[in-house]
Structure formats: C-alpha cells, structure tokens
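# Observations on the three-dimensional arrangement
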Amino acid sequence: RCMISGVSLVNANVRFFVSAPLAVIALIGVAGSAQAAMEDVFQQYANLVDARRQRVAATTPRGRSPDLRIGWLLWESSLSEVMYFEQPMSAPDPKNFWAEWNTRSAKGARKGSKNLWIYERGSDQKRYSVTTQAGIKIQPYFRVPSPNDENLVRLRMQGEALKDGTVRIWVTASTAREIRRLIGNLSTSTLSKTIIEIGGNAAATAIGSPDTGEVAEPLILSSDAYKMLVASWPGISDEHRAQLFLKALRSGSEDR
C-alpha cells in the first residue's frame with residue numbers, strides 16, 4: 001500500500017514510488033562491500049519467497065502452481081482517487097542489479113543513517129532501498145502501469161470527469177432530495193448555475209456525517225461549477241461539500 005500526497009495519480013505512471021517495507025531481513029556488516037550485502041539481501045528474500053510458495057502450494061489444488069503476487073494499493077491523500085495493480089512475487093536476480101551504500105550524517109535532531117541503495121543495471125533506476133536503522137527492511141520502488149493497462153484498476157472517488165466535459169459527483173439520496181426541493185430540479189444547468197451564483201459568498205462550516213446506510217445518487221455538474229463547489233465549500237468528500245452547499249441554500253432561502 002502507498003499513499004501519494006501532493007501527486008495526482010493521473011500522472012503517477014511517470015514516477016517511481018517507494019512502498020511500505022516488503023520484508024524484514026538481517027543484513028551483514030554495513031562496513032563491507034555493497035554488492036556482497038545486496039547479494040545477501042536478495043538471497044534472504046528468495047528464501048522468504050520460496051517458503052511462502054511452499055505454504056501456498058500446500059493449499060493449492062493438485063495440478064496447479066501457486067500464483068504469488070504483490071498487490072499495490074495507491075491512494076491520494078484527499079481520497080479522490082484510488083489505484084490497484086498486481087505484480088508477480090519473485091526474487092530479483094543479483095546479476096541484474098548493482099548497489100552502493102548511502103550515508104547521511106546526523107543533522108539537528110535527525111540521527112545519521114547508512115542505507116543500501118540497489119539499482120537496475122542498464123537503466124540505473126533505483127529499485128530497492130534497504131534500511132539499516134530501526135529494523136532492517138527491504139523497500140522496493142515500483143512504476144505504476146500506464147492508464148490503458150487492462151491490469152490497472154483505477155477508481156475516481158470524487159469529482160469524476162466525464163467525456164463531455166461535465167463532472168459527476170455522488171451524494172446521498174436525502175441530500176439530493178433536499179437540493180431538488182430548494183432549487184426545483186437537479187438538471188446540470190440549474191444545479192451548476194446555482195452553485196456558481198452563490199459559491200463565492202458562502203462560508204464553509206462544519207456539518208455532521210451523512211447516514212452511511214443511504215443509497216447514493218449521481219449529480220452532473222459543469223466543470224466550472226465543480227471547481228466552484230470545491231473552492232467555496234472545502235470538505236472531505238463530494239457529499240460533504242454538497243451538504244455545505246445545501247446549508248448555504250437553506251440560509252439564502254431563509255433570507256429571502
């Protein structure tokens with residue numbers, strides 16, 4: 001799993017990310033050769049993968065080979081988008097990598113550290129980082145598949161952009177029903193116009209969480225209206241923003 005903060009998952013395929021620790025291992029003396037340390041780390045990881053394969057094989061139907069995979073779950077800190085994909089779980093071949101020690105001196109409250117950085121031969125891309133402090137762990141770097149990869153699951157949780165340039169949001173049925181009562185209908189034009197008209201004048205305030213048992217209902221907004229919704233009523237979700245918008249609607253209705 002990996003949380004991406006300040007990076008859009010739309011562009012994540014051009015970046016390498018470091019994951020949570022893949023395995024906790026032992027490490028030979030940090031004063032020795034980086035290449036020898038890497039080979040030792042890879043051998044330990046190979047042993048872990050082999051042990052895992054044997055355990056899975058014991059419960060796998062006869063005639064089938066264990067299919068070991070690593071699943072990567074990435075999400076934006078705003079929870080707007082989630083991605084999931086899998087890669088085969090296999091031990092890396094030391095012949096395809098080279099390593100170096102990376103030493104950082106102590107600075108202020110931060111303690112000094114010495115980690116093993118492992119790079120892919122040919123591309124020289126860093127693919128693994130092995131920590132030597134606070135428990136020795138191997139952390140892989142990985143590349144997100146391209147958006148059109150059939151093995152990539154991508155879920156847009158908030159503000160789903162549609163092909164016609166509009167944006168779909170999901171709100172609870174009670175929120176949609178109350179907005180409809182106050183503005184007459186939930187057409188894209190009416191809803192978008194209302195949001196833009198009152199968006200700049202509403203103060204964001206706290207509001208209770210919706211009943212999680214409610215059925216969700218989609219609302220379609222213009223792109224400009226969705227931007228106004230997000231800017232005028234900051235919230236933790238589109239439902240939260242819609243509730244803040246609804247509160248502003250009620251306030252305006254009472255003033256008239």
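Higher on the page you've got the structure.
Residues numbered from 1 in each chain as written. Predicted model: local features only at pLDDT ≥ 70, side-chain atom pairs only at ≥ 80, totals over all residues. Heavy atoms only, no water.

Bringing the overall build of the chain into the picture now. When helices and strands are counted, the chain shows 5 helices and 13 strands. Relative to its full complement of 256 residues, the chain shows a buried share of 37%. In the chain, of all internal contacts separated by at least 6 residues, the share reaching a separation of at least 24 is 64%. Here the chain has roughly 14900 Å² of accessible surface; of this, 51% comes from carbon and sulfur atoms. (Helix = DSSP H or I, 4+ residues; strand = E, 2+ residues; numbered from the N terminus. Buried < 20%, exposed > 50% of the residue type's maximum accessible area, 1.4 Å probe, protein only. Contact = heavy atoms within 4.5 Å. Areas by Shrake-Rupley, 256 points an atom, 1.4 Å probe, with all protein chains shown as cover.)

Our next topic: the pairing of strand β8 (residues 126-130). By the criterion of burial, β8 is predominantly enclosed, with 4 of the 5 residues buried. Bridging between strand β7 (residues 113-120) and β8 involves 4 bridges; their strand directions are antiparallel. The residue of β8 that forms the bridge with Leu-116 is Val-130. The loop that links β7 with its antiparallel partner β8 comprises 5 residues; one of these, Gly-122, has a positive phi angle of about 95°. (Pairing = 2+ DSSP bridges.)

Right, let's get into a nonpolar patch on the surface. Together, Leu-73, Tyr-84, Val-153, Leu-155 and Met-157 make up a nonpolar patch on the protein surface, roughly 410 Å² of accessible area in all. A residue is classified by how much of its surface remains accessible, and Leu-73, at 35% relative accessible area, is partly exposed. (Patch = residues over 30% accessible without salt bridge, like charges linked within 9 Å, V, L, I, M, F, W, Y side chains within 5 Å. Salt bridge = Lys/Arg side-chain N within 4 Å of Asp/Glu carboxyl O.)

Another point: the side chain of Asn-102. As for its placement among the helices and strands, Asn-102 is situated in strand β6 (residues 97-104). Asn-102 has contacts with Ser-113, Lys-114, Asn-115 and Trp-117, leaving out every residue within four places of it along the chain.

Moving on: the packing of aromatic side chains. In this structure the tally under the stated criterion is 7 aromatic pairs. A centroid spacing of 4.4 Å and a plane angle of 15° characterise the contact between Trp-98 and Tyr-119, whose relative ring orientation is stacked. With a gap of 21 residues between them, Trp-98 in strand β6 and Tyr-119 in strand β7 connect regions that are remote in the sequence. With relative accessibility at 10%, the residue Tyr-119 sits in the buried group. Each ring, one from Trp-233 and one from Phe-245, has its centre 5.3 Å from the other, and the planes form 65°; the classification is edge-to-face. Here Trp-233, found in the loop between α4 (223-232) and α5 (238-255), pairs with Phe-245, found in helix α5; they are 12 residues apart in sequence, far enough to count as distant. The same class applies to Trp-233 and to Phe-245, which are both buried. The rings of Phe-42, Phe-97 and Tyr-128 are connected pair by pair, giving a single aromatic cluster. Across the ring face of Trp-101, the terminal group of Lys-114 is positioned such that the distance to the ring centre comes to 5.0 Å. A cation sits over an aromatic face here: Lys-126 above Trp-117, 3.3 Å from the ring centre. (Phe/Tyr/Trp six-rings, centres within 6.5 Å; stacked < 30°, edge-to-face > 60°. Lys NZ or Arg CZ within 6 Å of the ring centre and 35° of its normal.)

Positive phi, normally seen in glycine, also occurs at Asp-124, with a value near 60°. Looking at where Asp-124 falls in the secondary structure, it is placed in the loop between β7 and β8. Among the residues examined, Asp-124 registers a relative accessible area of 47% and is labelled partly exposed.

Read these as layout, nothing more, since geometry by itself doesn't imply function.
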